[in-house]
Structure formats: C-alpha cells, structure tokens
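Each chain, written out:
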Amino acid sequence: MLDKSIQVGIIGLGMIGGSIAKTLSKKGFKVFASDINENTIKNAINDKEICGSLEELDQDINFILIFTVPVLSVGEELIKNKELLSKALLVSDGLSVKNSLKKEIEKNKFNTENFIFSHPIAGSEKSGYLNSKEGLFNNKITVITKLPQSTQVALDTCIDLWSLLGAKTINLNLEDHDKYFAQTSHLPHFIAFALISMISKSEDPKKDTFTGGGLKDITRIASSDPKMWEDIFISNRLNILKAIKSFKSEIDKFEKLIEEKDAKEINQFIKNAKNFRDSLT
C-alpha cells in the first residue's frame, strides 16, 4: 500500500484526473495539479481537492506523476514537465491510446524505467472537472502496460495506486491494447457519432419527437467530449479503420438477409448477437 507521504502530481484535471485527485485527497494524500484552465485549479484548491498547483510539489519528497490530458496533448505536457519525469517514483497516465504515447516518449528519448501506462475503464460521456467524483474507480478495471525498461518498483507502485483508488488492474501489452479498444470502445463511439449525425440531417420535422429509449441508449456516448475523441480517432486511426471495415462487413451481411427476407437467418444473426451480449459482465 502507498505511504501517505508520497505526493501525487496530476497533469490534466478533467473527469479522470479530477476523480483521482478527489479520491486520493480524501484518503489523506497531498495532491498537486496543472490544467489548461486556471479556474479549474482555483476551484479544486478552494474545494480542498488539491493542495496547490503542480509547481508547488516538493521535488525532494517521493512523488507520482499522472498524465490525464487529451492524447495529442501529452507530448507537449511530457516536455513541459521533463524535469519531473526522471525524479518521479512512478510516471503513469489515463489515456485510451498507448502507441502515440510510446512514440512521444521514444522521440524525446525519455528514460522509461519509472513509466507504467494505465487506462482506467471508468469513463462516461461526461467530461471535465465538474463531472469528476470521489470513488469513480471503485470496482472498475484499470488496464496497465509495462514497458521493456519498467522497473518492478514502478509496476508495484502503479498496482498499489489503482488498488488504493478502488480499481482492479489487468496487464495488457501495448499492441493489443490499442487493437482491442479500437473494437470495444473507439468503434462504438464512431457508430454513435455517425448515427446521430445521420438523424440530425434528416428533413423529417418529427425527428426530435420520436427518439425512443433505444436510440438514446445506443447513442448516449455521442455526448462525449469532441476534443478527446478527435485525438483518439487520429492517434489510433489504423486500428479504428480496421474495426470500421469489419463492422461494415457485418452490416452488409445483415442487410443482405433483410433484402432476401430470410427470416431464419435474421433470427439466428440476432440470436448470436444477443447471446454474446448477454454473456458480457
């Protein structure tokens, strides 16, 4: 378990970063943060969710750094905080795309002995500090990725951190991470954005009236933060395009069954999908 003398520095105080800050501060840790919005830092200090800005972190005392900024902003933030990287007990993140982060680290030749990548599976369509909350990670899963040079100390520290936040950790290698989440997270968001976009362009005057529960359920995530998802679609482009191609193939199969009025195969298609969906925990 982490010693409460360890400080925590958070770069990006949105929903994930803010939830980390709120949970750890309630547990007695000293948390410091930076954010592009200065008012967010002021509000977090006033709310006693952080002790101060990242500049106030004492570099002579053990500390952890966590980057929870949009994917394409992380390179700039790594460079900006370069001095802290080598001194940190652990450097981690909350990003949902890892290969772009790895490229930034390699490009800038950062020492990665204290790096362990993290991806908490705890987000929602809501974003920003105001939507962060204590206990967000309780009973959730955080996927962690060890780099070739990562030390056992960094790995143990990362596991302890997420355990303290209430999450269970699962190890996953870098390549599989971006491939799997292209299918299970990034593609669903793509579908939701595209579906809502299609309906929004309809000339039917009653398109807003007959929006049932099914549409709202499947497109809830279309309310997600545009900047965050712009970065994800660009940074994990190749994996997402492969997932889209596979999805189009399934649409074509299903469409053909409907065209042919093949009741038996339509039923089987739906049954197979239902059985798999019902098996998910």
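For clarity, every value in this text was computed on a predicted model and none was experimentally measured. (Residues numbered from 1 in each chain as written. Predicted model: local features only at pLDDT ≥ 70, side-chain atom pairs only at ≥ 80, totals over all residues. Heavy atoms only, no water.)

### Some words on the pattern of salt bridges
Inspection of every chain in the model, using the stated rule, returns 11 salt bridges. Residue lysine 102 pairs with glutamate 106 through a salt bridge whose shortest N-O separation is 2.6 Å. A residue pair is termed a helical-turn pair when its members lie 3 or 4 positions apart in one helix, as lysine 102 and glutamate 106 do in helix 5 (residues 99–107) at four residues. In this structure glutamate 106 comes out as partly exposed when scored by relative accessible area, which is 46%. (Salt bridge = Lys/Arg side-chain N within 4 Å of Asp/Glu carboxyl O. Helix = DSSP H or I, 4+ residues; strand = E, 2+ residues; numbered from the N terminus. Buried < 20%, exposed > 50% of the residue type's maximum accessible area, 1.4 Å probe, protein only.)

### Focus: the sheet that holds strand 4 (residues 63–67)
Within the open sheet, the five strands sit side by side as 3-2-1-4-5. Their pairing is parallel. Among the strands making up the open sheet, the edge pair consists of strand 3 (52–53) and strand 5 (90–93). (Pairing = 2+ DSSP bridges.)

### Some details on the sheet that holds strand 7 (residues 141–146)
Strand order in the open sheet formed by three strands is 6-7-8, and the pairing between neighbours is mixed. Two strands close off the open sheet at either side, each with one partner strand: strand 6 (116–121) and strand 8 (168–171). Averaged over all pairs of adjacent strands, the angle between their axes in this sheet comes to 30 degrees, without regard to strand direction. Direction of pairing for strand 6 relative to strand 7: antiparallel, over a ladder of six bridges. In the sheet register, isoleucine 116 faces strand 7, and the bridge partner there is lysine 146. (Axes fitted to C-alpha atoms, helices over the stretch in contact; angles between N-to-C directions.)

### Details of unusual backbone geometry
Located in the positive-phi region is lysine 48, a residue other than glycine, with phi close to 60 degrees. In this fold, lysine 48 is placed in the loop between helix 2 (38–46) and strand 3. The phi dihedral of asparagine 139 is positive, around 60 degrees, even though this residue is not glycine.

### Regarding the nonpolar core
With 33 residues, the main nonpolar core has Leu13, Ile20, Leu24, Phe137, Leu161 and Trp162 as its most contacted residues. When contributions to this core are tallied by element, the ones reaching two or more residues are strand 1 (7–11), helix 1 (15–26), strand 2 (31–34), helix 2, strand 4 and helix 6 (152–164). Take this core: its biggest share by element is six residues, from helix 6. Leaving out residues up to four positions away in the same chain, leucine 13 has contacts with Gly18, Ala21, Ala33, Ser34, Asp35, Thr40, Ile41, Ala44, Ile50 and Tyr129. Counting 31 residues, the second-largest nonpolar core is a separate cluster that includes Ile11, Ala182, Trp229 and Ile240. (Core = buried A, V, L, I, M, F, W, Y, C linked by side-chain atoms within 4.5 Å. Contact = heavy atoms within 4.5 Å.)

### Focus: the environment of valine 71
Position of valine 71 relative to the elements: it lies in the loop between strand 4 and helix 3 (74–80). A sequence separation of 14 residues divides valine 71 from leucine 57, and the C-alpha atoms of the two residues are 24 Å apart. Contacts of valine 71, omitting those with residues within four sequence positions, involve Leu95, Val97, Ser100, Asp231, Ile232 and Ser235.

### Details of the packing of helix 10 (residues 237–259) against helix 11 (residues 263–279)
Two elements in contact, helix 10 and helix 11, have axes whose closest approach is 8 Å; the angle formed by their N-to-C orientations is 145 degrees. In the packing of helix 10 onto helix 11, the handedness of the crossing is left-handed. Mapping the contact onto sequence places Glu250, Phe254, Leu257 and Ile258 in helix 10 and Glu265, Ile266, Phe269 and Ile270 in helix 11. By residue class, the composition of the contact of helix 10 with helix 11 is six nonpolar, no polar and two charged. (Left-handed = near helix turned anticlockwise from the far one by under 90°. Nonpolar A, V, L, I, M, F, W, Y, C, P; charged D, E, K, R; others polar.)

### Examining the packing of aromatic side chains
On inspection of all chains with the given rule, the structure shows four aromatic pairs. Between phenylalanine 193 and phenylalanine 233, the ring centres sit 6.1 Å apart and the planes meet at 80 degrees, which makes this aromatic pair edge-to-face. Linking phenylalanine 193 in helix 7 (residues 174–200) with phenylalanine 233 in helix 9 (residues 226–235), this pair joins segments that are 40 residues apart in sequence. Its relative accessible area of 24% is what places phenylalanine 233 among the partly exposed residues. Here the aromatic rings of tryptophan 229 and phenylalanine 233 are separated by 5.6 Å at their centres, their planes lie at 50 degrees, and the arrangement is tilted. Of this pair, tryptophan 229 and phenylalanine 233 both sit in helix 9, four residues apart, roughly one helical turn. Pairwise contacts between aromatic rings join Phe193, Trp229 and Phe233 into one cluster. Residue placement shows lysine 22 over the ring face of tyrosine 129; its charged tip is 4.6 Å from the ring centre. (Phe/Tyr/Trp six-rings, centres within 6.5 Å; stacked < 30°, edge-to-face > 60°. Lys NZ or Arg CZ within 6 Å of the ring centre and 35° of its normal.)

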